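Below, each chain spelled out in residue letters.
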Amino acid sequence: MTNSITHYNHGVAWEEGNGVTQGYCVNGILYISGQFSHDMQGVFVGAGDIELQTRQTLDNLDRVLAGFGASRANLAYVEIYLTDVQADIEPCLALFKAYVGEHRPAGSLIGVTRLASPDQLIEISAVAHVS
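Residues numbered from 1 in each chain as written. Predicted model: local features only at pLDDT ≥ 70, side-chain atom pairs only at ≥ 80, totals over all residues. Heavy atoms only, no water.

A. The pairing of strand β6 (residues 122–129), seen in detail. Of all eight residues that make up β6, six are buried, and the element is covered over most of its length. Inspection of the sheet shows strand β3 (residues 29–35) paired to β6 by five bridges, in the antiparallel sense. Its bridge partner lying in β6, Q35 is registered against I124. Bridging between strand β4 (residues 75–82) and β6 involves seven bridges; their strand directions are antiparallel. Counterpart to Y81 in the pairing with β6 is E123. (Buried < 20%, exposed > 50% of the residue type's maximum accessible area, 1.4 Å probe, protein only. Helix = DSSP H or I, 4+ residues; strand = E, 2+ residues; numbered from the N terminus. Pairing = 2+ DSSP bridges.)

Put into structure tokens, the structure is as follows:
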């Protein structure tokens, strides 16, 4: 996949209007837009439930990786945004640690006051390598 540019979208209606793609790969580097808790019809999932939102967000991250023939082991850097770090860091990190298993990508966890959706508690963006 080196020296090529590839895009990936989930295929939900709102993607066309937001001006970005879910994943963009150039020269073997995969840039993954902020993923959040929505199903494949574009419906928000898990209002008020950090564990459900984290699981769905990680499932969406998996979909983008798979769209490029990559897996969790290809993750190089992960950025997690939480609207309530104090309340949600422990369940979020426990689910994330189970998600990556023995693989340990670089990463950051950032507290923010608000995300795009009023019910959104978490967003995850990432960089991965595709070889």
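B. Spatial organisation of the nonpolar core. In this structure, L30, L61, L65, L75, I80 and Y99 are the most contacted members of the largest nonpolar core, which totals 25 residues. With five residues, the top contributor of residues to this core is helix α1 (residues 50–67). Once residues lying within four places of it in the same chain are set aside, the contact partners of L65 are L30, I32, A70, S71, R72, L75, Y99 and A128. (Core = buried A, V, L, I, M, F, W, Y, C linked by side-chain atoms within 4.5 Å. Contact = heavy atoms within 4.5 Å.)

C. Structural view of the pattern of salt bridges. Going through the model one piece at a time under the given rule, you end up with two salt bridges. Among the ionic pairs, R55 bridges to E51, the shortest N-O distance being 3.8 Å. In this pair, R55 and E51 both sit in helix α1, four residues apart, roughly one turn of the helix. On the accessibility criterion, E51 (36% relative accessible area) is partly exposed. Its salt-bridge partner being D62, residue R72 comes within 2.6 Å of it at the nearest N-O pair. (Salt bridge = Lys/Arg side-chain N within 4 Å of Asp/Glu carboxyl O.)

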